[in-house]
Amino acid sequence: MPTNLILVGKSGASAARSSLEMTAQNIANADNQSYVRRTTALAEVVSTGGINLNSSTALGGVRIDRIVRADSHYLQAEVRRTAAALTRSDAEIGGLLAVQDAIEQAGIYPAMARFEASLAQLASDPLSPSLRTAVVEQARTLAQSFGPAVQSMDGTRQYLQTSASERVSTFNNLAGEMARTNLALSRTTTGTTMQAALFDQRDALLSQMSEIAGIVVAHDPLGRATVRIGDSAGPVIVTGRETEPLSMAIAPDGTLSFLVAGGATSIQSGALAGEERALARMVDLRSKLDDAAASLVFVTNDAQANGLTPAGIPGPALFSGTGARDIALALTDGAQLATAPAGSGSNSRSIVNLEALRSALASTTPPGSGPASLMDGLLLDLSSNIAGRTITREALRTLADGAQSALTAQTGVDLDTEAANLVRFEQAFQASGRVIQVAVDIFDTLLEIR
Amino acid sequence: MISTGIGTAAFYTRSLREMTDLRRSTEALQTQLVTGERLARSSDDPVAASRLRTLDRADRLAQIDAANARRASSDLSLAASALQNLADDFTRARELATWAANDPLAPEQREIIGRELLSMVSSMVATANATDSSGNALFGGTATGPAYILDGAGNASYAGTPQNETLALGDGQSVARGITGPQFAEFEHAGVATDIFVHVKILGDALQGGAGGDIARAALAGFDEGMESLTRAQTLTGTRLAWIETVEARQVITSESRASEAAETGGVDPAAAVVRLKALLVVLEASQIGFARVGETSLFNIIR
């Protein structure tokens, strides 16, 4: 009998020590984001059979049954979903902000206002060579201000495309890693430390994948993940040990499209979706910028052709080009500005044609909107887009933070709990030691019988 | 708000995020105070940004409008003083004609008067050819070069255009920058169209050619009619100057209202911003202290 008591005490001390080790492991991983809190589940050991023992009263102590991992599939999915929406919003706003900065910092609108002001000044003395030179120089500044905007936008587009293509290859690497994790999960035993570590790895991979492209995940009884892009009807990216690579195509206008197994796939959330949307928006913005440049070219050249220069001939084109990329100053001399109306003869100080040009430039009513009004419309449109999306992003951030907090509260390590556990398991260990001491005392008592 | 255990990683990330948000708000306010601008980029407030762009453009154009108004005003003042000189000359010519109309006057004296009248024609033409601040004829319409040209015989003829140029003063207002020669010089005398230069020239020629006092008497009525035309032109310039003053006064008012609207739309109210900053700093400090206190309450500090 005392031998049995020693064994029970030993098993208790051993179980308490294992629980202490698990507590230490939890504390060590308290700051590990992908670590999920674990506990040890214990089971009673009952001895069976013995020649002169009644099996129904024989006790064998305790053993470690399995490692329990505090998991929540629902919260994990919620965190993935909200984080994917947030990264989409971040990527889209980032791209649009870069475009807004490109256009605003190029200073096209102020350059237009300065050009118009120089024309107004010319009206006070239409034949003055210095005022004419001022107009030509303001026109040159205006034409040149389109260049930086276009280059900046090209740079942003290039960056978004490169970034998207890198994300696609990262996504495929993660998918490959996910497939290997699935394979390892099918070879591991349930309830082991190894399985818990593989689950951690699986969840970390899934959350990284969902930040790139929104995914839905299904788990089988072994915990292996089947990953689809988009929704539950979307194309399968990972199933078991198999993966299907995601690929990306760039259209001539710079927009992105995604393919899985040869079929076009739309990505609704994640950074890739944000970049795709920002690039699609840029096509429209570029065409509006081109419209503003084309309107400037048309309005000024039209007025030039309708009027007379001081030399008494119709004015040559003020700007050349058809859009924001190629607009340039065509005039070489202020004397080529046609301020006088047709039929007024040479050296006329009439400003009828100049006033016609000024009112055409300042027009705000479509379809004949002047370039200044078009530029203002473009900026208003873009900045309203960004402002609206920024509000959405704040809402998404709150949701994502909330989901993350809920998940961490559920699965993270609470140091207070672990501190209490340390005390508890230490006491359990000491108590088991006491049990062994009692067994020894009993044995000694028996030996001392005379 | 989801409550998290104090000892969890969630507690630290949430506290950090909240404090970062507060710090970002204070930084934004501080930037606003330094720059005096509420909007750093259009997307901060799209509608206000668009309004500010329009106001800025209007302001730039209004500055030119104001300069143009000042210029038109100075040109019209020059025209007014030239007209006054012309009127003085013309009055002097009328005095000479009245003198010549005296019958007792000797023919030689009439001839001298005639010679003086002829020399006055050329000085009047010189006055009528006065130029504005940029060297263009004040009374020549939209043409370049002098308004009146004297031929070899001393006859003055108008070389300008019949229309005058108008100058936009902003907000759809405009003003004719000057008046043309025919507007002040031409009048009808005895049913015949003439002008002040021709009228003086004819009388001068006649007196020099030995005409008697009756010719001079007959010309006197023409001087009155010419004077009337000159006075009309002077009234015209005076009215236009007054109009420009009205426009300038309104320009000042609109520019003030533009400035105040720009300040309201995109400016920062320093008092409100400072109070808000103070409030944010108090909250930030409180949350920092709170975080430090709460973070200390770990069981590990107590278990020995």
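Definitions and limits used
- Residues numbered from 1 in each chain as written.
- Chains lettered and ligands numbered in written order.
- Predicted model: local features only at pLDDT ≥ 70, side-chain atom pairs only at ≥ 80, totals over all residues.
- Helix = DSSP H or I, 4+ residues; strand = E, 2+ residues; numbered from the N terminus.
- Rg over C-alpha atoms; globule rule 2.2 N^0.38 Å.
- Buried ≥ 20, exposed ≤ 12 C-beta atoms within 10 Å, placed from the backbone.
- Contact = placed C-beta atoms within 7 Å.
- Core = buried A, V, L, I, M, F, W, Y, C linked by C-beta atoms within 7 Å.
- UniProt positions renumbered as here; feature names shortened; annotations may be inferred.
- Domains from an automatic or database assignment.
- Axes fitted to C-alpha atoms, helices over the stretch in contact; angles between N-to-C directions.
- Parallel < 35°, antiparallel > 145°, perpendicular 65-115°, else oblique.
- Left-handed = near helix turned anticlockwise from the far one by under 90°.
- Nonpolar A, V, L, I, M, F, W, Y, C, P; charged D, E, K, R; others polar.
- Pairing = 2+ DSSP bridges.
- Expected span 1.5 Å × (residues − 1).
- pLDDT = per-residue confidence, 0-100.

**Comments concerning the overall build of chain B**
- What chain B contains, in helices and strands, is seven helices and six strands.
- Listing each helix as α and each strand as β along chain B from the N terminus yields α-α-α-β-β-β-β-α-β-β-α-α-α.
- Rg of the C-alpha trace for chain B: 39 Å, well past the compact-globule value of 19 Å for 304 residues, more than 25% over.
- Referenced to the eigenvectors of the C-alpha coordinate spread, the extents of chain B come out at roughly 140 × 30 × 25 Å.
- Among the 304 residues that make up chain B, the fraction classed as buried is 33%.
- Partitioning the contacts of chain B with sequence separation of at least 6, the portion at a separation of at least 24 is 69%.

**A look at the overall build of chain A**
- Along the backbone of chain A there are nine helices and 13 strands.
- Along the three orthogonal principal directions, the C-alpha set of chain A runs to about 145 × 45 × 30 Å.
- Put simply, 71% of the contacts in chain A that link residues at least 6 apart link residues at least 24 apart.

**Considerations on the environment of Leu272 of chain A**
Residues and elements named next belong to chain A.
- Tracing the chain through its elements places Leu272 in helix α6 (residues 271-306).
- A residue is classified by how many C-beta atoms lie within 10 Å of it, and Leu272, with 29 of them, is buried.
- Through-space distance from the C-alpha of Leu272 to that of Leu256 is 9.2 Å; in sequence the pair is 16 residues apart.
- Dropping the residues within four chain positions of it, Leu272 is found in contact with Ala164, Arg167, Ile212, Ala213 and Ile267.

**Quick word on the nonpolar core**
All names here are of chain A.
- Counting 133 residues, the largest nonpolar core has Ala149 and Met209 as the members making the most contacts within it.
- Not counting chain neighbours up to four residues away, the residues in contact with Ala149 comprise Ala102, Ile103, Ala106, Ile108, Leu289 and Ala324.
- The next biggest cluster of nonpolar side chains, apart from the first, holds nine residues, and it includes Ala84, Ala85, Ala400 and Ala403.

**Description of the UniProt feature "domain: Flagellar hook-associated protein FlgK helical" (unreviewed entry) in chain A**
- Mapped onto this numbering, the UniProt entry annotates "domain: Flagellar hook-associated protein FlgK helical" (unreviewed entry) at residues 104-319 of chain A.
- Between the first and last C-alpha atoms of residues 104-319 of chain A the distance is 22 Å; the span itself is 62% helix and 15% strand.

**Observations regarding the domain arrangement of chain A**
- You can read the domains of chain A as domain 1 (2-70 + 413-448) and domain 2 (72-162 + 245-411).
- Using C-alpha coordinates to define each centre, domain 1 of chain A is positioned 72 Å away from domain 2 of chain A.

**What about the packing of helix α2 (residues 73-106) of chain A against helix α4 (residues 129-187) of chain A?**
Residue and element names in this part refer to chain A.
- α4 packs onto α2 with a crossing angle of 165 degrees between their chain directions and a minimal axis gap of 8 Å. The angle between α2 and α4 places the two elements in the roughly antiparallel class. In terms of crossing hand, the pair formed by α2 and α4 is right-handed. Mapping the contact onto sequence places Gly95, Ala98, Val99, Ala102, Ile103 and Ala106 in α2 and Ser145, Pro148, Ala149, Ser152, Met153, Thr156 and Leu160 in α4.

**Some details on the interface of chain B and chain A**
- Facing the 38 residues of chain B at the interface are 47 residues of chain A.
- Of all the secondary structure elements, the ones that give two or more residues to the side of chain B that touches chain A are α1 (9-35), α2 (46-100) and β3 (166-170) of chain B.
- Residue contributions to the side of chain B that touches chain A peak at 14 residues, all from α2 of chain B.
- The residue inventory of the side of chain B that touches chain A, partitioned by class, reads 14 nonpolar, 14 polar and ten charged.

**Some thoughts on the domain arrangement of chain B**
- The domains assigned to chain B are domain 1 (2-36 + 268-303) and domain 2 (57-261).
- Taking the mean C-alpha position of each, domain 1 of chain B and domain 2 of chain B sit 77 Å from one another.

**Some remarks on unusual backbone geometry**
- At Asn347 of chain A, a residue that is not glycine, the phi angle is positive and equals roughly 50 degrees.
- Secondary-structure assignment places Asn347 of chain A in the loop between β13 (340-341) and α7 (352-362).
- Given 16 C-beta atoms within a 10 Å radius, Asn347 of chain A is considered partly exposed.
- One non-glycine residue, Ala190 of chain B, lies in positive phi territory at about 55 degrees.

**Here we look at the environment of Ala123 of chain A**
- Inspection of the secondary structure assignment puts Ala123 of chain A in helix α3 (residues 108-124).
- Sequence separation of Ala123 of chain A and Ser350 of chain A is 227 residues, and the distance between their C-alpha atoms is 8.8 Å.
- Residues contacting Ala123 of chain A, with those up to four places away along its chain left out, are Ile351, Leu354 and Glu355 of chain A together with Asn68, Leu167 and Ala168 of chain B.

**Quick look at the sheet that holds strand β8 (residues 256-260) of chain A**
Residue and element names in this part refer to chain A.
- Read across the open sheet, the three strands follow the order β7-β8-β9; overall the sheet is antiparallel. Two strands in the sheet have a free side with no partner beyond their single neighbour: β7 (246-250) and β9 (263-265). Shown here is a sheet whose adjacent strand axes are inclined to one another by a mean of 40 degrees, direction ignored.
- Sheet analysis places β8 next to β9, joined by three bridges and oriented antiparallel. Its bridge partner lying in β9, Leu259 is registered against Ala264.
- Its contacts with the sheet place α4 against β7 and β8, and it is angled at close to 165 degrees to β7.

**Some remarks on the sheet that holds strand β6 (residues 242-243) of chain A**
- Strand order in the open sheet formed by four strands is β3-β4-β5-β6 (chain A), and the pairing between neighbours is antiparallel. The two strands at the open ends of the sheet, each matched to only one other strand, are β3 (215-219) and β6 of chain A.

**Focus: helix α7 (residues 270-296) of chain B**
- Across its 27 residues, α7 of chain B extends 39 Å between first and last C-alpha, which sits within 8% of the 39 Å expected from 1.5 Å per residue.
- With zero of 27 residues buried, α7 of chain B is to be regarded as a mostly surface element.

**A short note on the environment of Pro245 of chain A**
- Structurally, Pro245 of chain A can be placed in the loop between β6 and β7.
- When the C-alpha positions of Pro245 of chain A and Arg17 of chain A are compared, they lie 46 Å apart, and in sequence the two are 228 residues distant.

**So, the UniProt feature "domain: Flagellin N-terminal" (unreviewed entry) in chain B**
- The UniProt entry lists residues 13-144 of chain B under the feature "domain: Flagellin N-terminal" (unreviewed entry), expressed in the numbering used here.
- Taken end to end, residues 13-144 of chain B comprises 76% helix and 0% strand; its first and last C-alpha atoms sit 78 Å apart.

**Here's the deal with the pairing of β7 of chain A**
Residues and elements named next belong to chain A.
- Alignment of β7 against β8, held across five bridges, turns out to be antiparallel. Bridge pairing in β8 links Ile250 to Leu256.
- Connecting β7 to the next strand, β8, in antiparallel fashion are five residues, including Gly254 with a positive phi near 95 degrees.

**Things to note about the packing of α3 of chain A against α7 of chain A**
Residues and elements named next belong to chain A.
- Packing of α3 against α7 brings their axes to within 10 Å, and their N-to-C directions diverge by 155 degrees. One element, α3, and the other, α7, form an angle in the roughly antiparallel class. By crossing handedness, the relation of α3 to α7 is classed as left-handed. Contact with α3, carried on its side by Glu116, Leu119, Ala120, Leu122 and Ala123, involves Leu354, Glu355, Leu357, Arg358, Leu361 and Ala362 of α7 and no other residues of that element.
- Class assignment for the residues of the contact of α3 with α7 results in eight nonpolar, no polar and three charged.

**Some remarks on helix α5 (residues 196-208) of chain B**
- Between the first and last C-alpha of α5 of chain B there are 18 Å, a value that for 13 residues agrees with the 18 Å anticipated at 1.5 Å per step.
- Along α5 of chain B, the positions that sit buried rather than exposed are Ile196, Phe197, Val198, His199, Val200, Lys201, Leu203, Gly204 and Leu207 of chain B.

**Describing the confidence of the model for chain B**
Residue and element names in this part refer to chain B.
- Across chain B, the average pLDDT comes to 86, with 98% of residues at or above 70.
- Mean pLDDT values for the elements of chain B range from 79 in β3 up to 91 in α7.
- Taken together, the chains of this predicted complex give a pTM of 0.80 and an interface ipTM of 0.76.

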